[in-house]
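Chains, contacts and geometry: an overview
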Amino acid sequence: MAGHHKKMKYQFKTSADLLKLAAKYKMPISEIAINYEIETFKKNRKEIIEKMARNLMIMREAVKKGVNTNKKSFTGMSGGNAKKMYQFYESRKQKLLNKTALVAMSYAMATGEMNAAMGRIVAFPTAGGAGTVPAGILSVAEGLRLSDNKIFAGLFTASAIGMIIAENATLAGAEGGCQAEVGSSAAMAAAGITEMRGGNSAQCLNAAALALKNMLGLTCDPLGGLVEVPCIKRNAVGVITAISASEMAMAGIETFVPFDEIVKAMKNIGNLMAAELKETALGGLAITPTGCKIRKKIGLPPIKSL
Amino acid sequence: MAYSLFDIAGPIMIGPSSSHTAGAVKIGQFSRAIFDKTPSKITFYMHGSFANVTAGHATDKALLAGIMKLKTSDPNIKNAFKLAHQQHIKYEFKKTDLGPSYHPNTVKVVLEAQGKKKMEIIGSSIGGGSAKICKINDFDVDIKAVAGKYKYLVISHGNDTAVLSDVMKHITNFGKFRIAGIQSTHINDHMLTVMNLEGRDLYLYEVLELEKIHGIEFVRSLTRLEH
Ligand code: SF4
């Protein structure tokens, strides 16, 4: 196995490990993450950046296609809202949020809508939560006019946070509910954004913690069991959670409960959550009268509605 | 097994769901490789969440696409039914309950072809686009395929693992590869081994060279699992 000869220097399984490494090597989280990948998988830096660059290309493609189309999904439940949101941002109508936030919402739905219409996306970390991270990172890069290098930093930092969650809890809605999918992606995006805008490692983790804490308990109860409703719009609000958490962290606000403990809480909540609320489409929104109509439409066996 | 950053950032996939699309494509790819022939008829017995939410998640198309060797990022997945028709592959989806010991996203794939013994393979999509083969015919196995991590070699050989050292020697001669894991399982009177490789894709002539090794029945390279 890897690491027989040299002692591994950049291994982390928790956010506490990550913070220690960042302090020890005086590096941002993204650099620790890249070094982790280099030493664990014997890859060189160029290969790793190239692989992320391919992901970035696909993310941009999905976002761009998504904001420009009215194409509906096979069920007709989704499609066209990313475009609506983008047009609203471009309009002269009164708005409360700034450009970055509005564009982020549009991008988040764009990826989700492309996914629902069987388009190509990056599952980051899963298909259901795939809108949040690219939306946050691309919109912040546009809003603050940041380079692609900063974007890579954001993506690597987000991945590192995702890895810690995967290691200590789960990223699957079927196991942990939506807190594990959109919740995790909000935490990942929050950390990524925070690093991109110049936050330090502790601020990145505070942002991730504040975002994840706010998503705890979120169930996975999609209509017809499809990754459309509430998933797509949930990513739009998820990225706003990420942006707000980043603002709080930059304001110097700290999480009272450390990130690693929040991840443990998420796992515990996931275990306590009824199976009906974990991707089976047997509870919550999925069994509302509207949800039952969708069941019927796609040929699922009828169940009693709320 | 250590996580890679790209287990989180990826895989690149065709929607709508990593468990139901990407993972299902992988189960299809594995089934086809283990069966070692284009099946003429396939019956998919869908269990748990696979049974409940198949159509809208396109799990059915994804499984079939995998059997036809499509990549998880192939935009043609949505045309899988049409492609199967063109290739004269008959398919059927049935609901089943395999029991509580199986993951909610599980399918039993029954493959048939002229002049070949029918084969039953049970596979689960375990989240994030990763898949696991749990049973081949009557034999419990545990073969995992993590998205974007390795190239997989599926090797069918006689009832002994000595021949594998020959295989490894050849692979080392081909160039810079790292063998990251080997899992072997007995099936009737022969064995099935899955090797996880790191490195480039194997060329077809290299696979054919491996097949010439005495004691090897067939070798299938699932290089397409990557995306
Ligand atoms: S509701 Fe379920 S399927 Fe939808 S994004 Fe959340 S976890 Fe994924």
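Residues numbered from 1 in each chain as written. Chains lettered and ligands numbered in written order. Predicted model: local features only at pLDDT ≥ 70, side-chain atom pairs only at ≥ 80, totals over all residues. Heavy atoms only, no water.

This next bit is on the interface of chain B and chain A. Across the boundary between the two partners, chain B contributes 36 residues, which contact 45 residues of chain A. Here chain B packs against chain A, burying approximately 3,500 Å² in sum over the two surfaces, 63% of which is carbon and sulfur. If you look at where chain B meets chain A, you find zero salt bridges. Counting across the chain B and chain A interface gives 10 residue pairs in polar contact (both at pLDDT 80 or more). A breakdown of the residues in the side of chain B that touches chain A according to their chemical character gives 16 nonpolar, 14 polar and six charged. (Contact = heavy atoms within 4.5 Å. Buried area = accessible area lost by both parts, 1.4 Å probe. Salt bridge = Lys/Arg side-chain N within 4 Å of Asp/Glu carboxyl O. Polar contact = N/O pair within 3.5 Å; in protein donor to acceptor, adjacent residues only side chain to side chain. Nonpolar A, V, L, I, M, F, W, Y, C, P; charged D, E, K, R; others polar.)

With that settled, consider the site of the ligand. All names here are of chain A. The environment of the ligand is formed by Gly-128, Gly-173, Cys-178, Glu-181, Val-182, Cys-220, Pro-222, Cys-231 and Arg-234. With respect to the detected pockets, the ligand is housed in the largest cavity. Counting only elements with at least two residues in the shell around the ligand, the list comes to helix H9 (178–196) and helix H11 (231–250). If one sorts the elements of the shell around the ligand by residue count, H9 sits on top with three residues. Taken together, the residues of the shell around the ligand sort by class into five nonpolar, two polar and two charged. (Near = heavy atom within 4 Å. 1 Å grid on protein atoms, 1.4 Å probe; cavity = no way out; pocket = protein on both sides within 12 Å on 5 of 7 lines; lining within 4 Å. Sits in = over half its atoms within 2 Å of the grid points. Helix = DSSP H or I, 4+ residues; strand = E, 2+ residues; numbered from the N terminus.)

A few words now on the packing of aromatic side chains. A ring pair, where both rings are aromatic, is described by two values, the distance of the centres and the angle of the planes. Residues and elements named next belong to chain A. Per the counting criterion, the structure on display carries nine aromatic pairs over all chains. Judged by centre distance (4.8 Å) and plane angle (40°), the rings of Tyr-10 and Tyr-25 are tilted. On the criterion of sequence distance, the pair formed by Tyr-10 in the segment before helix H1 (15–25) and Tyr-25 in helix H1 is long-range, its members being 15 residues apart. Accessibility expressed as a relative area gives 10% for Tyr-10, which makes it buried. Owing to a relative accessible area of 22%, Tyr-25 belongs among the partly exposed residues under this scheme. With 5.2 Å between their ring centres and 70° between their planes, Tyr-86 and Tyr-89 make a pair best called edge-to-face. (Phe/Tyr/Trp six-rings, centres within 6.5 Å; stacked < 30°, edge-to-face > 60°. Buried < 20%, exposed > 50% of the residue type's maximum accessible area, 1.4 Å probe, protein only.)

With the rule as written, the count across this model stands at 14 salt bridges over all chains. We note a salt bridge from Glu167(A) to Lys13(A), for which the minimum N-O separation is 3.8 Å. Residue Glu167(A) is located in helix H7 (residues 148–168), and its partner Lys13(A) is located in the segment before H1; the two are separated by 154 residues in the primary sequence. For Lys13(A), a relative accessible area of 46% translates into the label partly exposed. Note that Glu206(B) and Arg200(B) form a salt bridge whose closest N and O atoms lie 3.0 Å from each other. On the basis of relative accessibility, which here comes to 2%, the residue Glu206(B) falls in the buried class. Overlapping salt bridges, with partners in common, bring together Asp36(B), Glu211(B) and Arg220(B) in one network.

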